[in-house]
Amino acid sequence: MKNRRDTGLIQNEPLIFEQGSEGRRGYSLPQWDIEEVEVNRLLPSHFLRKELEGFPQLSEMDVVRHFTRLSQWNYGVDNGFYPLGSCTMKYNPKINEEVARMKGFAHIHPYQPESLVQGILKLMVELGGFLSEITGMDQATLQPAAGAHGELTGMMMIRAALQARGEKRKRVLVPDTAHGTNCSTSTVASYQVVEIKSNERGVIPPRKIEELMDEEVAGIMVTNPNTLGFFEEHLAEIAEIVHRKGGFVYCDGANLNALMGIVKLGDLGVDMVHLNLHKTFSTPHGGGGPGSGPLAVKSELAPFLPVPVIEKEGETYRFNFDRPKSIGRIKAFYGNFGVALKAYAYIFSMGAEGLKRASEVAVLNANYLMKGLKGSFNLPYDRPCMHECVFTDRYQEKHHVSTLDIAKRLIDYGFHPPTIYFPLVVKGALMMEPTETEGKEELDRFIETMTAIAKEAEENPDLLRQAPTKVKVRRLDEVRAARKPKLRWSPNT
Amino acid sequence: MEDYLRYIPHTQKDVREMLEAVGVRSIEDLFGSIPKEQRLSKPLDLPGPLSEPDLIRHVQGLESPILTSFIGGGAYHHFIPAVVSHLASRSEFYTAYTPYQPEISQGTLQAIFEYQTLMCQLTGMEVSNASMYDGASSLAEAVLMAHRITGRKKILVSEAIHPEYRKVIQTYIDPEEQEVVLIPYLKKEGRTNEKALAQFLDQDVSAVIIQSPNFFGVIEDLKNIGEGVHKAGGLMIICFSEAIAYGILKPPGEMGVDIVAGEGQSLGIPLSFGGPYLGIFTTNEKFIRNMPGRLVGETVDLEGKRGFVLTLATREQHIRREKATSNICTNEGLCALMATVYLSCLGKKGLRELALMNLSKAEYAKKVASRIKGCRLTFSSPTFNEFVMEIEGDPENVLERLRREGIVGGLPLARFYPELNRHLLVTVTEMNTKEEMDRWANVLEKVLK
Amino acid sequence: MEFPEELLYSEDHEWVRDEANQVTIGITDYAQSQLKDIVYVDLPEIGSEYKKGESMGVVESVKTVADIFSPVTGNVLEKNLELKDHPEWVNTDPYGKGWLLRMELNEKEELKGLLSSKAYQGTLSEDS
């Protein structure tokens, strides 16, 4: 390869399509113990493709080096502190990975007869039970593949439940602090979104709900704690208002990491809640999935759960597909079982006591961080937070330094930036969630770094605007990427 | 008892110091915003905490036995090269978040760019997204996209599409806006009935969906279908559940298809009792703005060096909120990486050879099955690595007898197609040896005698 | 920032040039500066009809999307096809090469509801 220009451990690595050689192979197949068919006789020629044009031809070590190098340009939780707000980047225990790879789980076909998968079915029923216990619900489905998928399942169930009452409603209430998925989910489920303004304390005012709630509104989607990191203190009252008008309360459980063993959402009048196993229950994010978004519901809504539902008859577990009120299926098979398995292992590792401790320490960490950064950064809502806290770039604005610059400068110091420019209600937001798995020393180091960056913003703002510099690539031209999209490699370019 | 503390580093001293710094007396005080009466008074009713060795012992008791298997139907037992799990186990990949900070996510981004390219090459299409949840939900999203583009109501869905995929479509659509019309399959050939399809093609048709190879393993003849659909102003959607077939089959893109939605589990992803899998979604450039899901694009950095970023994000939920093309956020990133590693190993020759081996083995199984008395191949059309056969006898009984010999002998179809109540879907991959197939046939022969 | 005197403005940050029986429409200098680098402009089909205030397309930058609201009622007569390859013209020349659409003008009265340059600038200072 010409001129790769590697520097130390930052090795340049071309695309897989730009290396290799005709005839090189990186695979081995089982022996041919039967005769190879003459494909041209068996299938008409218009069924057949020419060669796989452009496909790589590499040796096994070529492949290993390629992806190993790529991995080294990535930052994961195992590399360092990852304070992404609302993403709960906690440590991903290694034992969970091993459990998911056990042959008796990883190699089992979803259509394996029920009699041969009793342990797996038991595990799924148990996990649904644990999640219901943690959230104060009655029954759960593991079918949704991610949080947004759980939301969609929930909104479709609400639609079905209303239909069963002979009602069709048009709107859903969503607070201005909500995740973007809440709004788009409502739309996909054919509801119009009505935005609710949060109040000066950063929570939903019940008075607003009283005003907006009527027989045309299917329900409300809330996140608790919300994305400002505050407990929705009026949720019980809000739920009552919504219920009185026949609506349902959906809770986005993305921020459950603050509440385990402290509060049950079901006790506050929540009718259904999805859980992000890839946040609260320690399964890895995988660079963007796979996640798992089980949905736990109150018994009133259980008839509408997706099929199949696993039931226990005597000592035998079986799938029940015969559920006339069910919304149907939202995925083939039964959900991201391999991910659910890791969450199951995590719950066993932690126990009730450990989960409660996790929530307590997550909240302690966030408050410690908030206190430590308060002098250097603007805190728009100055009161104790739950598992995350939100700062802004207001103090740095006068030096023409923005949230983006602060985030990028953190990279130079070896940290992953917080969530930026979200929630939308806070201008120039920096949203930080430390999680319980970070110790005091790491938080101290982060606070020190952020304080130093605040100082740099005053004294040498260019350091921030130019950041990051100690990385494989500097700031990337996103405008160019969007104006002339190049979304694949092709041999001519 | 406090084994869980291996994941929470705080000593009592740390907690004390931190509380002091925050200015509160106890952790309790931090939860002051939660009304007292709402706080739990007793511990959650959960098992544990367990140590690692105890946990392993516990889950080992729940594992399933692994038998010789002839089932597929949307999930396939293929060999996964050791390289795949080793590379996907690099925690820089799997403990990273979605690559929103491109400067420290180039590994994930370049891998997705490579994935997108491979999917385009495999399906013959111009653009691919970064993945969807699975084949079924990917197909449902394709249906929603066709509706966004055409604004039309009817979706013509072949009855030979995976029944669970059809069910997912039904769940995803708004019945007031869209309607599914089932197109029957030819009872002798096992292919979609083209004539029946042609009768439904009119100005209301948003899309026609065909699966190939279809749920019966039959390779559909797509040559003439697309033209009619386009003439009527609708879109042609092709789906598949067995990606390996495209090692030899003509890619849908060469047949004028508009959207391809497929399942990528076969590309190096373990069975895992149904998930996580990989939703493949490819289309043509003119539809980019209507596409669901994330996209990675190539660009340059400040110094002119090549780099990759998430792009065209304005279609997505975090920006366009209620006007987004889909609500998808987290997708199946790591599974896409596994597929990329897998295809990099197999490469141009390997995928073709693997497809040929699957085809050849299935042909061998068909041959031995057709010689058994009381056993008949149902469909005459060419198949890839699975086929339907009818047996004289109750399928459940026959399967039970096979099970006693350590064989999961096929998938009974009665649950999906009531008219196929004596039929099995039999799947053969490179993992099934000749010896296994012979043994399967011997037991069948004995049982059916 | 410039807001030519001869143009009319909507509160949704469009400008309108009155050309007898038709109008030319674009987004204002303020709107383009708020959106920053524009990467894509989605314009309606020629011949499609819009009521005043309806969304007729979008202007996109990397991380924001803004609706284009029709400032008048009528049919779309012409659209700026060159923006497909040069969306940046909306940034560099919003009142010239960066124009978006021509529409027929059915109700001349509707123009009276639009703002003068000065009045429009007044709404901006309140905004920010």
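Residues numbered from 1 in each chain as written. Chains lettered and ligands numbered in written order. Predicted model: local features only at pLDDT ≥ 70, side-chain atom pairs only at ≥ 80, totals over all residues.

Q: Explanation requested: the overall build of chain A in the structure shown.
A: Broken down by element type, chain A carries 15 helices and 12 strands. Relative to the globule expectation of 23 Å for 493 residues, the C-alpha radius of gyration of chain A, 26 Å, shows essentially globular dimensions. Relative to its full complement of 493 residues, chain A shows a buried share of 58%. Sequence separation of at least 24 residues holds for 71% of the intrachain contacts in chain A that already meet a minimum separation of 6. (Helix = DSSP H or I, 4+ residues; strand = E, 2+ residues; numbered from the N terminus. Rg over C-alpha atoms; globule rule 2.2 N^0.38 Å. Buried ≥ 20, exposed ≤ 12 C-beta atoms within 10 Å, placed from the backbone. Contact = placed C-beta atoms within 7 Å.)

Q: Quick question: what am I supposed to make of the interface of chain C and chain B here?
A: It is common to give the size of an interface as the accessible area that goes away when the parts come together. Listed by partner, the interface residues are four residues for chain C and four residues for chain B. Grouping the constituent residues of the side of chain C that touches chain B by class yields one nonpolar, one polar and two charged. (Nonpolar A, V, L, I, M, F, W, Y, C, P; charged D, E, K, R; others polar.)

Q: Even after reading the chapter, I still don't get the domain arrangement of chain A, so can you show me in this structure?
A: Residue and element names in this part refer to chain A. Domain boundaries in chain A define domain 1 (95-348) and domain 2 (354-479). Domain 1 and domain 2 are separated by 30 Å when their C-alpha centres are compared. Across the boundary between the two partners, domain 1 contributes 17 residues, which contact 19 residues of domain 2. In terms of residue class, the side of domain 1 that touches domain 2 is made up of eight nonpolar, eight polar and one charged. (Domains from an automatic or database assignment.)

Q: Sorry, what's going on with the nonpolar core here?
A: Within soluble globular proteins, side chains that are nonpolar generally end up buried alongside one another. In this structure, V143, V208, I237 and V341 of chain B are the most contacted members of the largest nonpolar core, which totals 336 residues. Every residue in contact with V143 of chain B, bar those within four places of it in the chain, is listed here: I155, I169, Y172, I173 and A207 of chain B. (Core = buried A, V, L, I, M, F, W, Y, C linked by C-beta atoms within 7 Å.)

Q: How should I be thinking about the domain arrangement of chain B in this particular structure?
A: Residue and element names in this part refer to chain B. Per the domain assignment, the segments of chain B are domain 1 (68-76 + 348-448) and domain 2 (82-342). The gap between the C-alpha centroids of domain 1 and domain 2 is 28 Å. Contacts between the two partners involve 24 residues from domain 1 and, on the opposite side, 24 residues from domain 2. For the side of domain 1 that touches domain 2, the elements supplying multiple residues, two or more each, are α12 (333-370) and β12 (386-391). Of the residues forming the side of domain 1 that touches domain 2, the biggest block, seven residues, is contributed by α12.

Q: I tried to follow the interface of chain B and chain A on my own but got confused; where do I start?
A: Facing the 156 residues of chain B at the interface are 167 residues of chain A. The greatest single-element share of the side of chain B that touches chain A, amounting to 23 residues, is contributed by α12 of chain B. Tallied by class, residues from the side of chain B that touches chain A come to 78 nonpolar, 47 polar and 31 charged.

Q: Hey, could you run me through α12 of chain B in this one?
A: Along an α-helix, residues three or four positions apart point the same way, because every turn accommodates 3.6 residues. Residue and element names in this part refer to chain B. Between the first and last C-alpha of α12 there are merely 42 Å, a value that for 38 residues lags more than 12% behind the 56 Å anticipated at 1.5 Å per step. Where α12 bends most, at G347, the angle is about 95 degrees. For α12, a buried count of 32 out of 38 residues is recorded, marking the element as mostly surrounded by other parts of the structure. (Expected span 1.5 Å × (residues − 1). Bend = angle between axes of the 7 residues up to and from the residue.)

Q: Honestly, the sheet that holds strand β5 (residues 205-211) of chain B in this entry has me stumped. Any pointers?
A: The strands making up a sheet associate through backbone hydrogen bonding, with each pair oriented either parallel or antiparallel. Residues and elements named next belong to chain B. In spatial order, the strands read β2-β8-β7-β6-β5-β3-β4; together these seven strands make up an open sheet with mixed pairing. Each edge of the open sheet carries a strand with a single partner, namely β2 (127-128) and β4 (179-183). Relative to strand β8 (residues 279-283), strand β7 (residues 259-263) runs antiparallel, the two sharing five bridges. When the bridges of β8 are listed, A261 appears paired with F281. Set on the sheet, helix α7 (residues 135-150) makes contact with β3 (154-158), β5, β6 (235-240), β7 and β8; between it and β7 the angle comes to about 165 degrees. (Pairing = 2+ DSSP bridges. Axes fitted to C-alpha atoms, helices over the stretch in contact; angles between N-to-C directions.)

Q: Looking at this structure, I do not really get unusual backbone geometry. What am I missing?
A: Peptide bonds are, in most cases, trans, and in most cases residues other than glycine have a negative phi. The step from A467 of chain A to P468 of chain A runs through a cis peptide bond, and the omega angle for that step is -5 degrees. On the secondary structure map, P468 of chain A appears in the loop between α14 (461-466) and α15 (478-483). P276 of chain B follows G275 of chain B through a cis peptide bond whose omega is 0 degrees. Relative to the elements of secondary structure, P276 of chain B occurs in the loop between β7 and β8. If you check the backbone angles, S131 of chain B has positive phi at about 125 degrees while not being a glycine. Examined against the element boundaries, S131 of chain B turns out to sit in the loop between β2 and α7.

Q: I keep staring at the packing of helix α5 (residues 118-135) of chain A against helix α10 (residues 337-373) of chain A and nothing clicks. Help me out?
A: Residue and element names in this part refer to chain A. The interhelical angle for the contact between α5 and α10, taken along N-to-C directions, is 60 degrees, at an axis separation of 10 Å. One element, α5, and the other, α10, form an angle in the oblique class. As α5 packs across α10, the resulting crossing turns out to be left-handed. Contacts between α5 and α10 involve L123, M124, L127 and F130 on the former and, on the latter, A340, A343, Y344 and I347. Taken together, the residues that form the contact of α5 with α10 break down as eight nonpolar, no polar and no charged. (Parallel < 35°, antiparallel > 145°, perpendicular 65-115°, else oblique. Left-handed = near helix turned anticlockwise from the far one by under 90°.)

Q: Looking at this structure, I do not really get the environment of N331 of chain B. What am I missing?
A: Along the chain, the position of N331 of chain B falls in the loop between α11 (317-320) and α12. The class for N331 of chain B is buried, based on 31 C-beta atoms found within 10 Å. In sequence terms N331 of chain B and G279 of chain B are 52 residues apart; their C-alpha atoms lie 8.6 Å from each other. When sequence neighbours within four positions are dropped, the list of residues in contact with N331 of chain B reads G288 and G289 of chain A together with A130, S131, M132, Y133, G293 and R294 of chain B.

Q: I would appreciate a short explanation of the environment of R90 of chain B in the present structure.
A: Locating R90 of chain B in the fold gives a position in the loop between α4 (82-88) and α5 (91-94). Under the C-beta neighbour-count criterion, R90 of chain B is labelled partly exposed, with 19 such atoms within 10 Å. Linking R90 of chain B and G124 of chain B, residues 34 residues apart in sequence, is a C-alpha distance of 31 Å. Each residue touching R90 of chain B, except ones within four places of it in the same chain, is listed here: T68 and S71 of chain A.

Q: Looking at this model, I keep getting lost on the environment of P113 of chain A. Mind explaining?
A: All names here are of chain A. By the secondary structure assignment, P113 is in the loop between α4 (103-106) and α5. Judged by the 16 C-beta atoms lying within 10 Å of it, P113 falls in the partly exposed class. Residues P113 and G76 lie 37 residues apart in sequence; the distance between their C-alpha atoms is 39 Å.

Q: Just to check I follow, could you spell out helix α6 (residues 147-164) of chain A for this structure?
A: Residues and elements named next belong to chain A. Between the first and last C-alpha of α6 there are 26 Å, a value that for 18 residues agrees with the 26 Å anticipated at 1.5 Å per step. Of all 18 residues in α6, 14 are buried, a share of seventy percent or more. One or two residues past the end of α6 sits G166, with phi positive at roughly 75 degrees.

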